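# Analysis of the macromolecular model
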Amino acid sequence: MMTTEVKDTFNLNVPAQSTDNHDLDNHDLDNHDLDNHDLDNHDLDNHDLDDHDHHDYAGDTIFGFWIYILSDCLLFGTLFAVYAVYSNSFAGLIEPRELFNLGFVLTETALLLFSSFTFGMAMLKANHEDIKGMFKWLAITFGLGLSFLIMELYEFYHFSSEGATFHSSAYWSAFYGLVATHGLHVFAGLMWMIVLVFHFKRDGFSAENKTRLACLSLFWHFLDVIWICVFSVVYLMGVL
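A brief look at the structure comes next. Since we're looking at a predicted model, the values are computed, not measured.

Turning our attention to the environment of C73. Tracing the backbone shows C73 in helix α1 (residues 2-85). Taking C-alpha positions, C73 is 8.7 Å from I226, a pair spaced 153 residues apart along the chain.

Helix length check: helix α3 (residues 131-161), at 31 residues, gives a terminal C-alpha distance of 44 Å against a target of 45 Å (1.5 Å per residue), a fit within 8%. G163, located one to two residues past α3, shows a positive phi value of around 100 degrees.

Further remarks concern the side chain of N209. Along the polypeptide, N209 turns up in helix α5 (residues 207-239). A distance of 2.8 Å separates a polar side-chain atom of N209 from the backbone oxygen of G204. Those residues in contact with N209, other than ones at most four positions away along the chain, are L196, H199, F200, D203 and G204.

When its volume is computed, the largest pocket comes out at roughly 200 Å³. Along the wall of the largest pocket there are 15 residues; nearest its centre are Y83, S87, N88, M237 and G238. When residues of the lining of the largest pocket are traced back to their parent elements, those giving at least two are α1 and α5. Sorting elements by how many residues they give to the lining of the largest pocket places α5 first, with four residues. When the residues that make up the lining of the largest pocket are grouped by side-chain class, the tally is 10 nonpolar, three polar and two charged.

About the thresholds
Residues numbered from 1 in each chain as written. Predicted model: local features only at pLDDT ≥ 70, side-chain atom pairs only at ≥ 80, totals over all residues. Heavy atoms only, no water. Helix = DSSP H or I, 4+ residues; strand = E, 2+ residues; numbered from the N terminus. Expected span 1.5 Å × (residues − 1). Polar contact = N/O pair within 3.5 Å; in protein donor to acceptor, adjacent residues only side chain to side chain. Contact = heavy atoms within 4.5 Å. 1 Å grid on protein atoms, 1.4 Å probe; cavity = no way out; pocket = protein on both sides within 12 Å on 5 of 7 lines; lining within 4 Å. Points joined across faces, edges and corners; volume = space filled by probe spheres on them. Nonpolar A, V, L, I, M, F, W, Y, C, P; charged D, E, K, R; others polar.

Right under this line is the structure:
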């Protein structure tokens, strides 16, 4: 009788122990699921932080470059002001209307303005991550910018050979100071373009490279705007 009771008691405890083990297993699974969920959330947080860092880099860089553009506006504004002050200071020597060739300068202007269009095409290709197309349009832009510089250097050589040098008068000093400063900026843009091509060949369409290309695009279009002012103020008014 006693043996039977012990057996019954033992049999009653077995299911209870099985239930406890099942609960422990479920608890472990729940903890495992929570751990995996925490890891997933951690990975998502890291991804969001990386995206945020990229956005911060691009935004800060472009904002800083706009500040540089504004400082360059001050530089060119000063040069335009100096040119305006000395616009009639020829010292009795050669005057601009004797040398300026509007057809020649219009060709220079067309080259630079068309290079702005080709740079825009390069930006469109970059937005579609078409590296071959982007390189093609950048090469065309480079060729147009280089042609502009060659024509400008020839113009300086022609003026100097006719006696209109940097030291000839206050007018010619102001002229060379303004136009040559713009030419130096174009040269810097061409060098920047070459360096950027190497960056794209090495790193592809990284966030940093896209930001650098956007800054160069701003710079190049800015030079076009400055040249339109140079053409209007210096060359057009110079032949009137």
